[in-house]
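# Summary of structural features
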Amino acid sequence: QGRTRARAVVVVDMSAPAMILRTASRMAARATMKTTTQRAPLRSAHQYRQISRTRVVSAAAYTNARTGDFPSLEFRVFFQDESGAKVSPWHDVPLKNADGSVNFICEIPKETKAKMEVATDEKLTPIKQDTKKGKLRDYPYNINWNYGMLPQTWEDPKHEHPTMKVSGDNDPVDVVEIGSAALAMGSVTPVKPVGVYAMIDDGELDWKVIAISTSDPKAKDINDVADVEKHFPGELEKIRVWFRDYKTPDGKPQNKFGLDDKCMDKAYTMGVIEETHEFYNALKSGKRANDEELSLE
């Protein structure tokens with residue numbers, strides 16, 4: 001499908017709270033840090049592993065440039081770094097931060113329903129609204145959490161999970177951010193991952209990481225999946241039911257979940273994040289062929 005060029009470009013506000021941006025800018029100016037811990041032995045495909053040797057950089061300040069009207073087929077949200085250069089939210093925003101948090105790209109702010117997504121097949125992978133048969137897609141009702149993805153992750157459709165016997169959905173890893181604030185579309189927010197659901201959508205594995213913004217008032221109390229149930233009672237089940245049922249108003253069957261419908265703990269979650277980061281690195285480096293014609297720039 002061809003893209004229509006829009007003439008007007010509007011730069012919106014910085015996408016993270018000012019305190020975070022000031023801190024991130026100072027941290028980004030420091031020398032790049034490297035972790036040197038060795039990976040723990042694996043006992044299962046997604047059991048917790050310590051983060052392997054990789055560059056760890058602090059989240060920098062990003063702005064957005066929007067083209068086209070919203071909503072429209074031409075609408076795009078592009079990302080810019082501190083110098084004003086356009087960057088890809090999938091490829092250029094780092095996954096990990098020096099403090100152990102990861103970066104969350106917000107595609108869909110909480111209490112909205114336009115089905116926005118990073119366009120992994122377009123240059124610079126901007127955010128756009130998903131389409132079906134040439135029409136813009138909406139969820140049948142609002143999503144109650146901030147929803148988006150983890151940069152530099154990829155669910156490889158050629159990798160079959162050893163116990164669930166399903167393969168990846170060819171997308172970055174999804175995130176459900178449960179904090180109290182509605183985050184802006186296109187914002188980059190450091191979050192604490194604490195749990196993960198193994199959703200199975202049309203026979204494909206579609207991980208849903210549960211996370212909370214590091215700046216949320218409750219973030220200090222949320223360090224693992226059990227803490228979510230303690231401080232947000234019933235929230236995990238609400239998330240599972242929402243994703244199970246959101247297609248049913250269109251006459252489609254419920255989505256299923258692997259791993260006995262459980263939201264797995266932080267250790268398992270970090271294993272999923274690390275594995276899908278490795279899948280991404282293989283794709284980006286050319287070690288894994290880009291058979292899906294994804295944009296790698």
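Residues numbered from 1 in each chain as written. Predicted model: local features only at pLDDT ≥ 70, side-chain atom pairs only at ≥ 80, totals over all residues. Heavy atoms only, no water.

## Comments concerning the overall build of the protein chain
Tallying secondary structure elements over the protein chain gives 4 helices and 19 strands in all. Looking at the protein chain as a whole, 52% of its 297 residues qualify as buried. In the protein chain, the share of contacts with a sequence separation of at least 24, taken over all contacts with a separation of at least 6, comes to 69%. When the accessible surface of the protein chain is totalled, it reaches about 14,300 Å², and 49% of it is carbon and sulfur. (Helix = DSSP H or I, 4+ residues; strand = E, 2+ residues; numbered from the N terminus. Buried < 20%, exposed > 50% of the residue type's maximum accessible area, 1.4 Å probe, protein only. Contact = heavy atoms within 4.5 Å. Areas by Shrake-Rupley, 256 points an atom, 1.4 Å probe, with all protein chains shown as cover.)

## Thoughts on unusual backbone geometry
Of note, the amide linkage connecting Phe-70 to Pro-71 takes the cis form, showing an omega dihedral of -5 degrees. Of note, Pro-71 is situated in the loop between β4 (63-67) and β5 (76-80). With phi around 55 degrees, Asp-202 is a residue other than glycine that occupies positive phi space. Along the chain, Asp-202 falls in the loop between β17 (188-201) and β18 (204-213). A positive phi angle is found at Glu-293, which is not glycine, with a value near 55 degrees.

## A closer look at helix α4 (residues 266-285)
With 20 residues, α4 ought to run about 28 Å at 1.5 Å a step, and its terminal C-alpha atoms sit 28 Å apart, in line with that. Within α4, 14 of the 20 residues are buried, leaving the element largely enclosed by the surrounding structure. For α4, the N-terminal capping position is held by Asp-265, with its side-chain oxygen 3.4 Å away from the main-chain nitrogen of Ala-267. Remark: Gly-286 follows α4 within two positions and exhibits a positive phi of approximately 95 degrees. (Expected span 1.5 Å × (residues − 1). Polar contact = N/O pair within 3.5 Å; in protein donor to acceptor, adjacent residues only side chain to side chain.)

## Structural notes on the packing of aromatic side chains
On inspection of all chains with the given rule, the structure shows 11 aromatic pairs. Each ring, one from Tyr-141 and one from Trp-242, has its centre 5.7 Å from the other, and the planes form 80 degrees; the classification is edge-to-face. Here the residue Tyr-141 occupies a position in strand β13 (residues 138-143), and Trp-242 occupies one in helix α3 (residues 235-245), the gap between them amounting to 101 residues. Measuring from centroid to centroid gives 5.5 Å for Tyr-197 and Phe-257, while their planes differ by 65 degrees, and the two rings are edge-to-face. Pair noted here: Tyr-197 is in strand β17 and Phe-257 is in strand β19 (residues 256-257), with a separation of 60 residues, a long-range link. The pair Tyr-197 / Phe-257 is uniform in exposure class, with both members buried. Ring-pair connections join several aromatic residues into one group, and the members of that group are Tyr-139, Tyr-141, Tyr-147, Trp-242, Phe-243 and Tyr-246. Between the NZ or CZ atom of Lys-86 and the centre of the ring of Phe-78, over which it lies, the distance is 4.1 Å. (Phe/Tyr/Trp six-rings, centres within 6.5 Å; stacked < 30°, edge-to-face > 60°. Lys NZ or Arg CZ within 6 Å of the ring centre and 35° of its normal.)

## A few points about the pairing of strand β14 (residues 146-149)
Neither face of β14 is open: one carries Asn-146 and Gly-148, the other Tyr-147 and Met-149, and all of them are buried. Two elements, β14 and strand β16 (residues 174-177), share 4 bridges in a ladder whose sense is antiparallel. Counted as the bridge partner of Met-149 is Asp-174 from β16. (Pairing = 2+ DSSP bridges.)

## Some remarks on the pattern of salt bridges
Tallied over the full model, the rule gives 18 salt bridges. The closest approach of N and O atoms between Lys-220 and Asp-221, which form a salt bridge, is 3.9 Å. Among the residues examined, Lys-220 registers a relative accessible area of 61% and is labelled exposed. A relative accessible area of 31% means that Asp-221 is categorised as partly exposed. Of the charged contacts in the structure, one is a salt bridge between Asp-291 and Arg-288, with a shortest N-O distance of 3.6 Å. Bridged by salt links that share partners, the residues Asp-156, Lys-158, Arg-288, Asp-291 and Glu-292 form one connected network. (Salt bridge = Lys/Arg side-chain N within 4 Å of Asp/Glu carboxyl O.)

## Some words on the pairing of strand β7 (residues 102-108)
Among the 7 residues that make up β7, 7 are buried, leaving the element largely enclosed by the rest of the structure. As paired strands, β7 and β17 are joined by 4 bridges and run antiparallel to one another. By the bridge assignment, Ile-105 is partnered in β17 with Val-188. As paired elements, β7 and β14 share 3 bridges and run antiparallel to each other. From the neighbouring strand, Ile-105 faces β14, where its bridge partner is Met-149.

## Looking at the side chain of Asp-216
In this structure, Asp-216 sits in the loop between β18 and α2 (225-231). Here Asp-216 is buried and forms no salt bridge, its nearest opposite-charge partner Lys-218 lying at an N-O distance of 6.9 Å. A polar contact is formed between the side chain of Asp-216 and the backbone nitrogen of Ser-180, at a distance of 2.7 Å. Excluding residues within four positions of it along the chain, Asp-216 makes contact with Gly-179, Ser-180 and Ala-181. (Lys, Arg positive; Asp, Glu negative; His and termini not counted.)

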